[in-house]
Amino acid sequence: MEEMFQILAESALHINEKDIASKKLLFAKFKHIYEELRSARYYYYAYKDKLTITFDLPEGEKAHNPNRSQVLAQASNAFLLKMFQLHPLVRPEYTFFALSAVFSAFPDLDYCVTTVPTIMTMSPCQQELLRFFLPIYLRPNCTVEENVFVANRSTLFGEIRVFRMERHEVDDIRNIISAQSSSRYSHMPDNEEDTNGGDNYIDEVLHLFNQIFEDMFDNTDSEFSCFTVRCGKSKWLAECPIVGFIILRPFLGYKELCRLFMLPRDQFNLTNNRGEVLIFKLHPFFQMWSSTIFRTVALYDDYQELYYINYFMGISLPNDLTSNMMPLEPRRMKKNHFQKAIFRRRSSNMVNLHGAEKTTSRLRAFCYNLMPTKHLGTQQSLLIIGFSEIARAFLRIIIFSWNTKDLDKFRKFNCLPKMDLTIVVPQGVVEAAYDCEFRCAYCHNGRNCYVNTGNDHPYVRDTTQRLDIRHWVRFVPGTLKKIDREKQIVDLVDGCRLHYETLVIMDDTKFGFEDSEFNGRQPPANYVANNYRLDRIIFYHKLRELVQWGEPFNVIVYGYGIAAYECLHFMVTHGCMAKHITYVQPHMSTAPEEQGNPCADNTLDPIILEMVADLGITTYVSTNYSRFYFNEKDYSIERVEFITIPRKNKILLDCTLFVNYNSNFMSSSLEKILADANLEMWHRNIVVNTRFCTVDPDIYAAGKNIVIDPLPNYQFKHTNPQECAEKVAFELGMLKIVMQPRFIRPYMFTGMLPMGYHIVKVIQPKPLLIGQLPADFTENMTTYEDGDFVRIRLNLKRIVTEIVCVTKKEKRLYFLEYFCGKHAKLLNDIRGRYKSGWITNFLQFFQQPWTELIMHERFEDLQLKNRRVLLSMLLMSNKITDTVSGVDMAQRKKLEENVIEFVRTYREDFNHEFALPEDVDSEKNFEIFFAVDQ
């Protein structure tokens, strides 16, 4: 994406700057940026190519066609496998022998083609059959009802052998590396592209391989090892071509990796070695034999586990077999590691890894543990509409539905996710979410840049920065046109038709106006609503063009909430002067806060407004939007009319760029489509029952644009996306866990405020609404010290229902989520200590060593164990004749024993060293031994 914008500044866009006003040229650039990044042609090119097949020619004549003629004999080197099924008593492993017999029946043909209907549920033997086939990816504008798979004869009859690399094989390996192209243009033999520039990525990989090669053969103590994969049965290696290679070295970063991903404790660090896969290239025909290759190279170098690291941003070395390695799930909640939880690939003294050893926490990790490979997942077919927070959380839950806290399956199998999910998203949304080439010209590393963060929940943000769900999910780019409930078909604008068994609508938005504001037309070029990372990237480039314009301009930011303040901070720190910004805040009622909302804070709002005014930004408060005044020639916003409350005065402001942060959870286009499908709506919300099911039993909906009927007595808006996604997966039968209807997990909002302040707000959804006091009337505890402002709210039961922290410290404060929803007594009697004056800074209090116990993954198990102990003693107390104090002492003793046992079991997981009774005994024994020795 970055290359286009470098060219854009110099491109004339077929517009003569001398004849057209500079403002019109600016809007033309805005329009070009928007249309280019939201058009299909930017991400893939569909060429209309004429295919000529010549056959039945007279003897002596040849086909002379300047338009890439195809020979019919070359196109008929395949046979079709129409049906395959094994007896239920026959093991699926016998599929290999059956397919070998099928190829033997056609000795002159090299390829086998089979088709699978898109709506068919495959049997185990059919799934085993497709392991030997490669999927054929269809063109984006194709409408088909069957998926096509192709298998090659070499996959079954070619013998795979692994050897250590020798010097004379270097040129073959270089050719394998150079054969890979990262260009987004389709490969066309007659396409005369300018290839003088080459591929920088391939050049870097080749340069790295050359250094590894020199180190392996010139350094006797080299840590690198390289193996070649050959195909053939001949004794002469020259007759067995090289079809792949793998480069390994010892992996010593397991402890650091455990801080970021769910991994078992390192219990065998002195007996088992771990290896790291640096580069793995293998021909697609032989990738199904990846388990054999992994086991062979691990046996050669005595490795028990193999790991591969892929960075979200930066240089990642190629690996063709990531789909055959087990993905590691990021930790579901961020812990406080009392130091930076980052991973740094160990550098080499002899080899420069070209930045691949960078220090970062935004990475993806894969593992092969030499265990039997097992595909885990659900067989249910789903069609999902949308790419919202709840949609991404749902995809992550389905991908790792097999993973548990005890990591039982991780120890037993090489788990590979398997599912049948299709996602319909607008053009460019997914590509922008995984765009690793974007570089902000103002931010050092982009860690706190609004373009990369976007106020997403950490659990959701990891689906792009520590995962790549595109490996397991099919994304269909397009715009929704119609939902046919009778035929169970979804139509897209480009003519694509998708059949569904179960349809899940998760297409809620965050900001914007109803489409009626633009009379059904596409929004103007100088209008911005930041709902996805794609919108923020477009906003970033529009802002840069605006700053470089050189003429006076006015940017209007309209909306209420912390996200609007972060936008103001983003513009001020990215080249836009405060005098060119106008912030208009709509009128907000002063009614009590009945339900928790982490995206806004009416108590901090006056303070933040003063900070905005101190920056020099023009501010209008209690001023509602009224209408736009468009320029009919280029359909751009010239002025915006606002109305003050309560005086009803009209304010007319010139507008060069309008940034909308008005809350809007459903677009008008989606509302019309749902209404045409006769789905029940209420105030622009989808009506669902407590199972998230609409009036159609095959259509579900979840997100911010739903309303539950009958209205429940608990909060279902502004809830944790992970918990909401788990409830949907549970109702669909795709997740087997114990669920309750109410939402109880905390929901966190993070962002930046003007003047460089970080804000974290964590709320717990209200489990009951009727008969409960509003949040404004709960007990507040506030501390301010060293620039750290923290506010904690307790309900009548002394449960922490809200934590707000504002600070300038760079440290991530995601760990505060652990303490919301806990009782004050459980948090080391936080209320009693605060009342006694022993706590002057809540932020420092939540970073004390005892908090590690609460942040441990198995702390809930300890709570459950203690609850059972207390319940059993309570039932037995009626039979005990001892005094009440004696029962209390017995309870306290038993609870202390449970805590000591918990610390003893997971002692290695803690950063701090907690003392245990045996530590005192060991010191005494050491003193006695030392005295006797003297």
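Just so you know, these numbers come straight off a predicted model, no measurement behind them.

Cut-offs applied
Residues numbered from 1 in each chain as written. Predicted model: local features only at pLDDT ≥ 70, side-chain atom pairs only at ≥ 80, totals over all residues. Heavy atoms only, no water. Helix = DSSP H or I, 4+ residues; strand = E, 2+ residues; numbered from the N terminus. Buried < 20%, exposed > 50% of the residue type's maximum accessible area, 1.4 Å probe, protein only. Areas by Shrake-Rupley, 256 points an atom, 1.4 Å probe, with all protein chains shown as cover. Phe/Tyr/Trp six-rings, centres within 6.5 Å; stacked < 30°, edge-to-face > 60°.

Chemist: Can you help me understand the overall build of the chain in this one?
Modeler: Helices and strands together make up the secondary structure of the chain, namely 26 helices and 38 strands. Put simply, the chain has 934 residues, and 50% of those count as buried. With the model as given, the accessible surface of the chain reaches about 46800 Å², and the carbon-plus-sulfur share is 52%.

Chemist: Any chance you could explain the packing of aromatic side chains here in plain terms?
Modeler: Each aromatic ring pair is characterised by the separation of its centres together with the angle its planes make. Within the structure shown, the criterion is met by 53 aromatic pairs. On the basis of an interplanar angle of 20° and a centroid distance of 5.0 Å, the ring pair of Phe-251 and Tyr-307 is categorised as stacked. With Phe-251 in the loop between strand 9 (242-250) and helix 9 (254-260) and Tyr-307 in strand 11 (residues 305-311), this residue pair connects regions lying 56 residues apart in the sequence. Tyr-307 shares its class with Phe-251; the two are buried. Between the aromatic rings of Tyr-308 and Phe-366, the centroid separation amounts to 6.3 Å while the plane-to-plane angle is 35°, which identifies the pairing as tilted. Of the two residues, Tyr-308 sits in strand 11 while Phe-366 sits in strand 15 (residues 363-368), which places them 58 residues apart along the sequence. The same class applies to Tyr-308 and to Phe-366, which are both buried. Clustering of aromatic rings is evident, with ring pairs tying together Phe-513, Phe-518, Tyr-527, Tyr-558, Tyr-625, Phe-628, Phe-630, Tyr-635, Phe-642 and Phe-658.

Chemist: Is there a simple way to think about helix 17 (residues 562-572) in this case?
Modeler: Three or four residues apart is the spacing at which side chains of an α-helix point the same way, because the helix has 3.6 residues per turn. Extensive coverage of helix 17 is indicated by the burial of 10 of its 11 residues. Residues of helix 17 that are buried: Ile-562, Ala-563, Ala-564, Tyr-565, Glu-566, Cys-567, Leu-568, His-569, Phe-570 and Met-571.

Chemist: Is there a simple way to think about the pairing of strand 24 (residues 555-559) in this case?
Modeler: Side chains on a regular strand alternate between the two faces of the sheet. Burial within strand 24 is extensive, with 5 of its 5 residues counted as buried. Residues Val-555, Val-557 and Gly-559 point to one face of strand 24 and Ile-556 and Tyr-558 to the other, with burial holding for every one of them.

Chemist: I tried to follow unusual backbone geometry on my own but got confused; where do I start?
Modeler: Most peptide bonds take the trans configuration, and most residues that are not glycine carry a negative phi. Backbone torsion omega between Ile-645 and Pro-646 reads 10°, so that peptide bond is classified as cis. The peptide bond linking Asp-709 to Pro-710 adopts the cis configuration, its omega dihedral lying at 0°. Tracing the backbone shows Pro-710 in the loop between strand 33 (706-708) and helix 20 (721-731). In this model, Lys-648 sits at a positive phi of 65°, which is unusual for a non-glycine residue. Looking at the secondary structure, you find Lys-648 in the loop between strand 28 (636-644) and strand 29 (650-654). Even without a glycine there, the phi angle at His-718 is positive, about 55°. Residue His-718 is classed as partly exposed on the basis of its relative accessible area, which comes to 22%.

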